[in-house]
Amino acid sequence: METEKLSLKARKIITGRLERAARLKEADLFLMNLSLPQEFKYRSVSEVQTVMVKGAFDALAFSVELGLFTKQEATEYWKELHDQFSQIWPGGAVA
């Protein structure tokens, strides 16, 4: 029961991160870069989106390690996310 709750919470966090990435605009990029040193500034919205997609993947992988998802569940969920957020996906289709 507790694992189910945590799994659902992980899904919400991961999906939320990708929803935020999909909504990013140039103004958001400008605000993010204001507080960063020159060498760490993002060059484009797509660069930030790529970082956020990779972060979501890392969160999902960590959730598998915690036992919140089986590898098969995680794979299916990741494919669902790819279909839902394909516009921000770096590197094209998932096989």
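These lines cover the structure that appears in this document, whether it is placed above or below.

Here is what the cut-offs are and how they apply
Residues numbered from 1 in each chain as written. Predicted model: local features only at pLDDT ≥ 70, side-chain atom pairs only at ≥ 80, totals over all residues. Heavy atoms only, no water. Helix = DSSP H or I, 4+ residues; strand = E, 2+ residues; numbered from the N terminus. Contact = heavy atoms within 4.5 Å. Expected span 1.5 Å × (residues − 1). Buried < 20%, exposed > 50% of the residue type's maximum accessible area, 1.4 Å probe, protein only. Arc of directions from axis to C-beta. Phe/Tyr/Trp six-rings, centres within 6.5 Å; stacked < 30°, edge-to-face > 60°. Lys NZ or Arg CZ within 6 Å of the ring centre and 35° of its normal. Salt bridge = Lys/Arg side-chain N within 4 Å of Asp/Glu carboxyl O.

**Here's the deal with the side chain of Ser 7**
Right, so step 1: Looking at where Ser 7 falls in the secondary structure, it is placed in helix H1 (residues 2-23).
Right, so step 2: With near-sequence residues (within four places) excluded, Ser 7 lies in contact with Leu 68 and Phe 69.

**Quick word on H1**
Right, so step 1: Between its terminal C-alpha atoms H1 stretches 32 Å, which fits the 32 Å expected from 22 residues at 1.5 Å a residue.
Right, so step 2: The set of residues buried in H1 consists of Ser 7, Ala 10, Ile 14, Thr 15, Leu 18 and Ala 21. The buried side chains of H1 occupy one side of the element, clustering within an arc of 120° when seen end-on. What points out from H1, more than 90 degrees from its buried face, is the exposed set Glu 2, Lys 5, Lys 9, Lys 12, Ile 13 and Arg 23.
Right, so step 3: Of the surrounding elements, those touching the buried residues of H1 are helix H3 (45-65) and helix H4 (71-84).

**Regarding the packing of aromatic side chains**
Right, so step 1: Within the structure shown, the criterion is met by three aromatic pairs.
Right, so step 2: Between Phe 57 and Trp 78, the ring centres sit 5.2 Å apart and the planes meet at 65°, which makes this aromatic pair edge-to-face. Taken together, the residues span a long stretch of sequence, with Phe 57 in helix H3 and Trp 78 in helix H4 at a distance of 21 residues.
Right, so step 3: Aromatic pair Phe 69 and Tyr 77: ring centres 6.0 Å apart, planes at 15°, arrangement stacked.
Right, so step 4: One aromatic cluster in this structure is built from Phe 57, Trp 78 and Trp 89.
Right, so step 5: Directly above the aromatic system of Tyr 77 lies the positively charged group of Arg 11, at a separation of 4.3 Å from the ring centroid.

**Looking at the pattern of salt bridges**
Right, so step 1: Considering all chains together, one arrives at one salt bridge under this definition.
Right, so step 2: The salt bridge involving Arg 43 is made with Glu 47; its shortest N-O contact spans 3.7 Å.
Right, so step 3: Taking the relative accessible area as the measure of exposure, Arg 43 reaches 71% and is therefore exposed.
Right, so step 4: For Glu 47, a relative accessible area of 23% corresponds to the partly exposed category.

**Some remarks on the environment of Val 48**
Right, so step 1: With respect to the secondary-structure elements, Val 48 resides in helix H3.
Right, so step 2: Val 48 gets classed as buried once you look at its relative accessible area, which sits at 3%.
Right, so step 3: Between the C-alpha atom of Val 48 and that of Glu 19, which follows or precedes it by 29 residues, the distance is 13 Å.
Right, so step 4: Not counting the four nearest positions on each side in its chain, Val 48 is found in contact with Leu 24, Leu 29, Met 32 and Tyr 42.

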